[in-house]
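Take a look at the letters that make up each chain.
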Amino acid sequence: MANKPFDDRELDQEAYEQAEEHFRLVQTRLPQDAVEAVAREVVRRLAFRLPRNLSSGHMPTEEEIDLLCEALLSNDEVAGDRIILAARRDGIEPENIYLGYVAGAARRLGVMWEEDRVSFLQVTMASGKLYRIIRGLRHVLDNSLNLAGPEKRSLFALVPDETHTLGIEIATDVFRRQGWDVEMVMGEPHDAIIAMTEQHRFRSVVLVAHSERMLAALISLVLAIRITQPMAYIVVAGNIVDQVEDVSTLVGADDVIPDIETAVGRLGAIIDFD
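Values in this document were obtained by computation on a predicted structure and should not be read as measured data.

*Asks:* Please set out the side chain of Ser-248 residue by residue, giving values where relevant.
*Replies:* Along the chain, Ser-248 turns up in helix H12 (residues 247–251). Setting aside chain neighbours within four positions, we find Ser-248 in contact with Ala-253, Asp-254, Asp-255 and Val-256.

Below you can see the structure in the form of structure tokens.
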């Protein structure tokens, strides 16, 4: 495979930098067990997310996956980026990059972690690099999403184990009265929420949490949705907005909805439609 110079113009630089900052904050603000859970979620989602269409083009060899993992585990911050971007420039289809290179590396890292061949810190840093690059390439990795679709189709989901339901019920009713097509989910586990986003590909996803103790679960949800639905707009709502400083940046969301009075207009402005 060619290993041409890294060119950040090939990336969605804003998404790339947001992902990098997000992972940095997670590692500095969350306890180690929560950071480990987040890293495992990233590895799991990257390893087993299957693209909608897989071409019959080039798939990486075992040696190429070894080289990619070595790059991701190295101290060179963009070594892995160079390899994946070189594959893209060589004409390899986005689906093959995802299923072959990204998923292959994630699976290999997961096995190495389980076999104690790499440390928790090493895998956390490597998974952060993989997450960052797929966020930067989101426009080519998820180009099957029809952005001209129904902007007012949204998912409102209560974070797993959150018990305060009144706020999300009121918000759902308000949005529906304003003509939005809103699917509301309460009491569902993490994987069920992610499965729903994959099935329906909502334009926006509003995640509701009312306590700081929901922070780790909220972060895991955002990361999983970012991986499975790269172009979705993710918004945080609920009392956690007031309880956690700069919660949007910490969890990796696009914005927050601080109150129901401004909710409809704010979400409409976030996804930028008339």
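There's more to say after this.
*Asks:* Lay out the confidence of the model for the chain in plain terms, naming residues and giving numbers.
*Replies:* A residue-level look at the chain finds 89% of positions with pLDDT of 70 or above and a mean pLDDT of 86. Of all secondary-structure elements in the chain, the lowest mean pLDDT belongs to helix H7 (residues 138–141), at 80, while helix H3 (residues 62–73) reaches the highest, 96. The model gives residues 144–149 a pLDDT under 50, and that stretch makes six contacts with residues more than four places away or in other chains.

*Asks:* Quick rundown of the pairing of strand E1 (residues 153–158)? Include the residues and the values.
*Replies:* Looking down a regular strand, the side chains alternate between one sheet face and the other. Burial analysis of E1 places six of its six residues in the buried class, which makes it a mostly covered element. Here E1 shows two buried faces, one formed by Arg-153, Leu-155 and Ala-157 and the other by Ser-154, Phe-156 and Leu-158. Looking at chain direction, E1 and strand E2 (residues 181–185) are connected through five bridges and run parallel. The residue of E2 that forms the bridge with Ser-154 is Val-182. Of the crossover connections in this fold, the one passing from E1 over helix H8 (residues 166–177) to the parallel E2 is right-handed. One ladder, built from five bridges, connects E1 with strand E3 (residues 204–208); its direction is parallel. Across the sheet, the residue bridging to Ser-154 is Ser-204, located in E3.

Conventions and cut-offs
Residues numbered from 1 in each chain as written. Predicted model: local features only at pLDDT ≥ 70, side-chain atom pairs only at ≥ 80, totals over all residues. Heavy atoms only, no water. Helix = DSSP H or I, 4+ residues; strand = E, 2+ residues; numbered from the N terminus. Contact = heavy atoms within 4.5 Å. pLDDT = per-residue confidence, 0-100. Buried < 20%, exposed > 50% of the residue type's maximum accessible area, 1.4 Å probe, protein only. Pairing = 2+ DSSP bridges. Right-handed = clockwise from strand over helix to strand, strands pointing away.

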